[in-house]
Amino acid sequence: MSGLDDKFIVFIMGGPGCGKGTQCAILREEFNLAHLSSGDLLRAEVAKGTPEGLEIKSFMDEGKLVPQETVINLMKKAIMEVPNRGILLDGFPRSVSQLEEFERTVKPAKCALYFSCTEEEMLKRIMHRASHAAVKRSDDNPETAMKRFRTYTTEAQPAIQRLREMGKLIEVDAMRPIQDVTDDARKAFI
Ligand code: B4P
């Protein structure tokens, strides 16, 4: 894609509720990066209340992946709009197909940060978010969380494995307190 020559992209990966968004919010400030969350971009589309938004919501509430064309088009548009040199793509890619299509049509990523965490801990964090958030997410309930874990295992894990084989994966143990996770994650930027 033209206009991206001087930019670099870092994929942010990990299971639902592992803390991707939390870490991105910290890294963004520290290194002056743009933070584009596929989940947030999709939720913004849902909030518009359009027929397409309603369709997106039905995938999210089922814990399924939203169709690839929708997600990649939203990502491309957002990438072109941010002024920052470094861009964190939070929650993307979530499948081998998304990875291949993005690297072919947009730009190969510099690296991928993978926040590893057990399902038990992720479920705990999702339920904690559900009970404390001012606005509750419709997919933050135990039933949808279990479906999101299945989608993550079948779709996202193979993409993580592919990035490992490509030598681009930086794995961080996300089971620890937020500050300790950040201490490891920032090594990708210094
Ligand atoms: P996302 O919005 O990406 O949701 P997530 O995986 O739950 O978020 P995250 O891991 O960022 O959790 P957070 O930091 O908030 O996706 C939602 C849905 O959108 C998907 O199911 C799918 O339907 C769709 N979608 C998204 N991307 C897509 C794509 N590329 N293709 C197709 N569909 C897509 O952390 C969670 C909680 O844990 C927070 O409350 C936080 O305070 C806490 N926490 C974080 N780190 C912690 C730590 N170290 N210790 C203790 N608590 C911690």
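Residues numbered from 1 in each chain as written. Predicted model: local features only at pLDDT ≥ 70, side-chain atom pairs only at ≥ 80, totals over all residues. Heavy atoms only, no water.

Visitor: What is the right way to look at the side chain of Glu45 in this model?
Guide: By the secondary structure assignment, Glu45 is in helix α2 (residues 38-47). Note on Glu45: relative accessible area 15%, which makes it buried. Beyond its immediate sequence surroundings of up to four residues, Glu45 is in contact with Thr50, Glu52, Gly53, Ile56 and Leu74. (Helix = DSSP H or I, 4+ residues; strand = E, 2+ residues; numbered from the N terminus. Buried < 20%, exposed > 50% of the residue type's maximum accessible area, 1.4 Å probe, protein only. Contact = heavy atoms within 4.5 Å.)

Visitor: What am I meant to see in the pattern of salt bridges here?
Guide: Pairing is possible between side chains of opposite charge, provided their charged atoms come close. Counted under the stated rule, the structure contains 24 salt bridges. Glu119 is the partner of Arg150 in a salt bridge, and the nearest nitrogen-oxygen pair spans 3.0 Å. In this pair, Arg150 sits in helix α7 (residues 142-165) while Glu119 sits in helix α6 (residues 119-132), placing the two residues 31 residues apart along the sequence. Here Asp184 ties to Lys187 by a salt bridge, and the two come within 3.0 Å at their closest N and O atoms. A relative accessible area of 25% means that Asp184 is categorised as partly exposed. With a relative accessible area of 56%, Lys187 lands in the exposed category. Taken together, the shared-partner salt bridges connect Arg129, Arg137, Asp139, Asp140 and Arg148 into one network. (Salt bridge = Lys/Arg side-chain N within 4 Å of Asp/Glu carboxyl O.)

Visitor: Where do I start with the environment of Met127 in this structure?
Guide: Within the secondary structure, Met127 sits in helix α6. For Met127 and Gly17, which are 110 residues apart along the polypeptide, the C-alpha to C-alpha distance reads 9.2 Å.

Visitor: Help me out: how do you make sense of the packing of α2 against helix α4 (residues 68-81) in this one?
Guide: A pair of packed helices is characterised by two quantities: the angle between their axes and the separation of those axes. With their axes 10 Å apart at the nearest point, α2 and α4 run at an angle of 100° to one another. The angle between α2 and α4 places the two elements in the roughly perpendicular class. Taken together, the residues of α4 that come into contact with α2 (itself represented by Ser38, Leu41, Leu42 and Glu45) are Thr70, Val71, Leu74, Met75 and Ala78. A breakdown of the residues in the contact of α2 with α4 according to their chemical character gives 6 nonpolar, 2 polar and 1 charged. (Axes fitted to C-alpha atoms, helices over the stretch in contact; angles between N-to-C directions. Parallel < 35°, antiparallel > 145°, perpendicular 65-115°, else oblique. Nonpolar A, V, L, I, M, F, W, Y, C, P; charged D, E, K, R; others polar.)

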